[in-house]
Amino acid sequence: MQALIDKIHDTLRARTSEGRVADYIPELAKIDPAKFGIAIETVDGRSYASGDADEAFSIQSVSKMFTLTLALGKVGDALWQRVGREPSGTAFNSIVQLEHEQGIPRNPFINAGAIVVSDVLLAGHQPREAIGEILRFVRFLAEDEGIVIDSKVARSETATGFRNAALANYMRAFGNLHHAVEMVLGVYFHHCAIAMSCRQLARSGLFLANNGINPLSGFRVVQNERARRINALMLTCGHYDGSGDFAFRVGIPAKSGVGGGILAVVPGLASVAVWSPGLNAHGNSHVGSLALEALAREAGWSVFSR
Ligand code: DON
């Protein structure tokens, strides 16, 4: 496995210049596009890493897996009255479908859906408390108290997040946000600004590869059925309108972020995180997707065969 990820890293590092770093969040535009890391954690306790796997980066939308898990823990299936479970077929920040569907976002991973999830996590508290709860959950999953929020990234997005403000206001008009828009966006921007390394991210995803139990601590995070469902949502919606292509090429559940990170789950076997900041046209890591495609092919990983 170590030789395989070193080979994939070596082969693909030359292609990191092919993608485009996200620049609509000014702080993210400063990232060196040549960064490239891969980390694998297996459910039986082995770790492998290659390249910049220990450098923290902005996890952005990968955090939506954590907030979805927390929100399901809080309100259970009632969440599905406010957020759908279908692939959107539109960009992660699109507003068009919200008008047709009365302010109910298609799924919890597009921005609109994750903003509703942030509203659920607020639950009458101050943003600071909800943000603290999310951060504690991520630290607990990764067994790492050193994980922090990059406040520069959070500030940068707060200053420029006009589309998200539009989505939030639009959903509030339909009654699908219960708190003030600024408070909800405060939670949303801060969880997107969590900084983690590939190694930390891979550890935090292990519970999804292990039927809901974190094999590092032995703690049950969610029931097996819920882990399966979160994986299903990652497979169908984790890469926005690139989800079908990702399932076709890679074939395992995964969640991407505009920071260039992708967290992927191989049920029963492993959790994998990759990071390469250059994005493809759908806003997903270009080389990160290629690395996962090569890894899944070489290792024989797929949820569609065994
Ligand atoms: O709201 C945004 O636009 C970002 N905080 C997160 C978007 C994102 O990561 C989409 N992922 N590919």
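The structure displayed is predicted, hence computed values, not measured ones.

Novice: Any chance you could explain the site of the ligand here in plain terms?
Specialist: Neighbouring the ligand are 14 residues; Tyr24, Gln60, Ser61, Glu157 and Tyr188 lie closest to it. Between a nitrogen atom of the ligand and a main-chain N or O atom of Gly283, the distance comes to 3.0 Å. Taken by itself the ligand offers 340 Å² of open surface, and the protein chains cover 100% of this. By residue class, the composition of the shell around the ligand is six nonpolar, seven polar and one charged.

Novice: In this structure, what is going on with the environment of Trp80? I would like to understand it.
Specialist: Within the secondary structure layout, Trp80 lies in the loop between helix 2 (63-75) and helix 3 (96-100). Between the alpha carbons of Trp80 and Ile104 there is a distance of 9.5 Å; along the sequence they are 24 residues apart. Beyond its immediate chain neighbours, meaning those up to four positions away, Trp80 contacts Leu68, Leu72, Arg85, Pro108 and Leu233.

Novice: Which parts of the structure should I look at to understand empty space enclosed by the protein?
Specialist: Rolled over the atoms, a probe as big as a water molecule pinpoints where empty space is left. As enumerated under the stated definition, the model contains one cavity of 30 Å³ or more in all. Each pocket or cavity is described by its volume, and for the largest cavity that value is around 40 Å³. Around the largest cavity sit Ser88, Thr90, Ala91, Phe92, Ser94, Ile95, Val96, Gln97 and Ile110, which together line it. When grouped by side-chain class, the residues that make up the lining of the largest cavity number five nonpolar, four polar and no charged.

Novice: It is not clear to me how the layout of surface pockets should be interpreted in this structure. Could you clarify?
Specialist: Reported here for the largest pocket is a volume of approximately 240 Å³. Contributing to the lining of the largest pocket are 14 residues, with Arg20, Ala22, Leu279, Asn280 and Gly283 lying nearest its centre. Of the residues assigned to the lining of the largest pocket, the class counts are eight nonpolar, three polar and three charged.

Novice: Please clarify how the sheet that holds strand 7 (residues 261-266) should be interpreted in this entry.
Specialist: Strands pair in a sheet through their backbones, by hydrogen bonds, and they do so in one of two ways: parallel or antiparallel. Strand order in the open sheet made by the five strands is 2-1-8-7-6, with antiparallel pairing throughout. Looking at which strands have only one partner, the edges of the open sheet turn out to be strand 2 (47-51) and strand 6 (254-256). Going from strand to strand, the sheet's axes swing by 10° on average, the running direction of each strand aside. In this structure, strand 1 (residues 37-42) lies alongside strand 2, joined through five bridges in antiparallel fashion. Note on strand 2: the bridge partner recorded for Ala39 is Ala49.

Novice: What is the right way to read the packing of helix 7 (residues 162-173) against helix 8 (residues 181-192) from this model?
Specialist: Describing two packed helices takes the angle between their axes plus the distance from one axis to the other. Helix 8 packs onto helix 7 with a crossing angle of 130° between their chain directions and a minimal axis gap of 10 Å. What the angle tells us is that helix 7 and helix 8 run oblique. Classified by chirality, the crossing of helix 8 by helix 7 is right-handed. Taken together, the residues of helix 8 that come into contact with helix 7 (itself represented by Asn164, Ala165, Ala168, Asn169 and Arg172) are Val181, Leu185, Tyr188 and Phe189. Its residues assigned to classes, the contact of helix 7 with helix 8 comprises six nonpolar, two polar and one charged.

Novice: I tried to follow the sheet that holds strand 5 (residues 194-196) on my own but got confused; where do I start?
Specialist: The strand order across the open sheet built from three strands is 3-5-4, with neighbouring strands paired in antiparallel fashion. Looking at which strands have only one partner, the edges of the open sheet turn out to be strand 3 (57-58) and strand 4 (148-149). Relative to strand 5, strand 4 runs antiparallel, the two being bridged by two bridges. From the neighbouring strand, Ile149 faces strand 5, where its bridge partner is Ile194.

Novice: Would you explain the side chain of Asn214 in this entry?
Specialist: Along the chain, Asn214 falls in the loop between helix 10 (206-209) and helix 11 (224-237). Polar contacts involving the side chain of Asn214 include one to the main-chain amide nitrogen of Leu216, which spans 2.8 Å. Residues in contact with Asn214, not counting those within four places in the same chain, are Phe140, Leu141, Phe207, Phe219 and Val221.

Novice: When you look at the side chain of Thr42 in this model, what are you seeing that I'm missing?
Specialist: Relative to the assigned elements, Thr42 resides in strand 1. At a separation of 2.6 Å, a polar atom in the side chain of Thr42 contacts the side chain of Asp44. Among all residues touching Thr42, those that are not within four sequence positions of it are Tyr48, Leu206, Leu269 and Ala270.

Novice: Quick question: what am I supposed to make of the pattern of salt bridges here?
Specialist: Opposite charge on two side chains permits pairing when their charged atoms draw close. Tallied over the full model, the rule gives 14 salt bridges. With its nearest N and O atoms 3.0 Å apart, the salt bridge here joins Lys35 to Glu55. One end of the pair, Lys35, is in the loop between helix 1 (2-12) and strand 1; the other, Glu55, is in the loop between strand 2 and strand 3, and 20 residues separate them in sequence. A salt bridge links Asp245 to Arg249; the shortest N-O distance between them is 3.0 Å. With a gap of four residues between them, Asp245 and Arg249 both fall in helix 12 (residues 243-249), about one helical turn apart. The class for Arg249 is partly exposed, based on a relative accessible area of 27%. Linked through salt bridges whose partners overlap, the residues forming this network are Asp245, Arg249 and Glu293.

About the criteria used
Residues numbered from 1 in each chain as written. Predicted model: local features only at pLDDT ≥ 70, side-chain atom pairs only at ≥ 80, totals over all residues. Heavy atoms only, no water. Near = heavy atom within 4 Å. Polar contact = N/O pair within 3.5 Å; in protein donor to acceptor, adjacent residues only side chain to side chain. Areas by Shrake-Rupley, 256 points an atom, 1.4 Å probe, with all protein chains shown as cover. Nonpolar A, V, L, I, M, F, W, Y, C, P; charged D, E, K, R; others polar. Helix = DSSP H or I, 4+ residues; strand = E, 2+ residues; numbered from the N terminus. Contact = heavy atoms within 4.5 Å. 1 Å grid on protein atoms, 1.4 Å probe; cavity = no way out; pocket = protein on both sides within 12 Å on 5 of 7 lines; lining within 4 Å. Points joined across faces, edges and corners; volume = space filled by probe spheres on them. Pairing = 2+ DSSP bridges. Axes fitted to C-alpha atoms, helices over the stretch in contact; angles between N-to-C directions. Parallel < 35°, antiparallel > 145°, perpendicular 65-115°, else oblique. Left-handed = near helix turned anticlockwise from the far one by under 90°. Salt bridge = Lys/Arg side-chain N within 4 Å of Asp/Glu carboxyl O. Buried < 20%, exposed > 50% of the residue type's maximum accessible area, 1.4 Å probe, protein only.

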